[in-house]
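Examining the three-dimensional arrangement
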Amino acid sequence: MDLQASGPPSDSPAAEAWRQQAITWRNRVLLLLDHLPLPVALCDADGVIFLANPAMAAEWGMLSGQMIGRNALDFFHPRAGTQLHPISEAVRLRRRARYPVEVTWFTSSGVERYGEMDIDPVSDAPDAPLALMLLLKVGGERAEAPTADAADHAKVSAVEARILALTAAGETTARIAKTVGLTVDGINYHLTRLSQRWGVRGKAALVARGYALGVLDSTAWPPAPAGPRSPGEKPHAL
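Read on for an overview of the structure. (Residues numbered from 1 in each chain as written. Predicted model: local features only at pLDDT ≥ 70, side-chain atom pairs only at ≥ 80, totals over all residues. Heavy atoms only, no water.)

1. Structural notes on the packing of aromatic side chains
- Under the definition given, this model contains three aromatic pairs.
- With 5.1 Å between their ring centres and 85° between their planes, W60 and F76 make a pair best called edge-to-face. Note that W60 is positioned in the loop between α3 (54–57) and α4 (64–67) and F76 in the loop between α4 and β3 (77–78), a separation of 16 residues in sequence. Each member of the pair W60 and F76 is classed as buried.
- Grouping aromatic residues by their ring pairs yields a cluster made of W60, F75, F76 and W105. (Phe/Tyr/Trp six-rings, centres within 6.5 Å; stacked < 30°, edge-to-face > 60°. Helix = DSSP H or I, 4+ residues; strand = E, 2+ residues; numbered from the N terminus. Buried < 20%, exposed > 50% of the residue type's maximum accessible area, 1.4 Å probe, protein only.)

Okay, here's the thing in structure tokens:
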């Protein structure tokens, strides 16, 4: 709803009272979201989160404020990337409809969950920039795997090992994405999965864990994935 258009003129004596009323209603909506058991978040057209309720943040053992400024794709992985194309078109053409997207994600305890994310383009005025409202419906979680030992933790894909090595070398996410042929969101997804699998937070801890588990070659520089080498063979470069 366009509060400014439907309210009194800005120079009206009632303008300040109108603004206060708008603030009051905004605070009531935020309070309602805080108590809503359904995970809800709001992000801009690029997917950057600017509001998340506690139910959404709880999926990762986080506080609501810790999600602000992060991209929604840092947390969720669409089961089919093509599901996002209609949403991009809806934002471009200013269409308002509900778009269901099948997603998976990992909780703070490393459990993989799956469900459906309803994405609604919204705005508070006809000509205002569109935002995206995300409503998560949890479907369930994958069967829990047997307790993993260090050897299991060290099993990473070749892509994950290369991303980790480039991270250890201090490359930016954008440069890593260009090097391995993935999107920035794809790189963040792999780093998030490794962090949750190993129970660490931050790139420095992730790299340290990679060396401790033998995923990275402790004798190589530039950093490289560990792997069998013939006697006298030099560590391979990325």
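After that view, the rundown keeps rolling.
2. Some details on the sheet that holds strand β5 (residues 112–122)
- Within the open sheet, the six strands sit side by side as β2-β1-β6-β5-β4-β3. Their pairing is antiparallel. The outermost strands of the open sheet, each flanked by one partner alone, are β2 (49–52) and β3.
- Sheet topology note: the strand β1 (residues 40–44)/strand β6 (residues 131–141) ladder contains five bridges and is antiparallel. Residue pairing for β6: C43 is matched across the bridge by L132. (Pairing = 2+ DSSP bridges.)

3. Description of unusual backbone geometry
- Put simply, W221 and P222 share a cis peptide bond, and its omega is 0°.
- By the secondary structure assignment, P222 is in the segment after α10 (203–212).

4. Some thoughts on α10
- The complete set of buried residues in α10 reads L206, V207 and G210. Along the axis of α10, the buried residues cluster in a sector spanning 95°; they form a single face. Along α10, the residues that are exposed and aim more than 90 degrees away from the buried face are A204 and A212.
- Elements in contact with the buried residues of α10: α7 (158–168) and α9 (184–198).
- G214 lies just past α10 and shows a positive phi near 80°. (Arc of directions from axis to C-beta. Contact = heavy atoms within 4.5 Å.)

5. Some remarks on the nonpolar core
- Within the largest apolar cluster, 24 residues are counted, with the highest numbers of intra-cluster contacts made by W60, M67, F76 and L134.
- Of all elements in the fold, only β1, β2, α3, α5 (85–93), β4 (99–106), β5 and β6 reach the threshold of two or more residues within this core.
- By residue number, the principal contributor to this core is β4, which donates four residues.
- Ignoring anything within four residues of it in the chain, the contact list for M67 reads I49, A52, M56, A57, W60, M62 and F75.
- Formed by 17 residues, the second largest nonpolar core is a distinct cluster that contains A177, L206, V207 and L213. (Core = buried A, V, L, I, M, F, W, Y, C linked by side-chain atoms within 4.5 Å.)

6. A closer look at the environment of R197
- Tracing the backbone through its elements, the reader meets R197 in helix α9.
- We classify R197 as partly exposed; its relative accessible area is 26%.
- Counting along the chain gives 90 residues from R197 to T107, while the straight-line C-alpha distance between them is 9.9 Å.

7. Observations concerning the environment of A52
- Within the secondary structure, A52 is located in strand β2.
- The class for A52 is buried, based on a relative accessible area of 5%.
- Spatially, the C-alpha atom of A52 lies 9.0 Å from that of L63, the residues being 11 residues apart in sequence.
- In this structure, A52 is in contact with V40, A41, S64 and M67, ignoring residues within four places of it in sequence.

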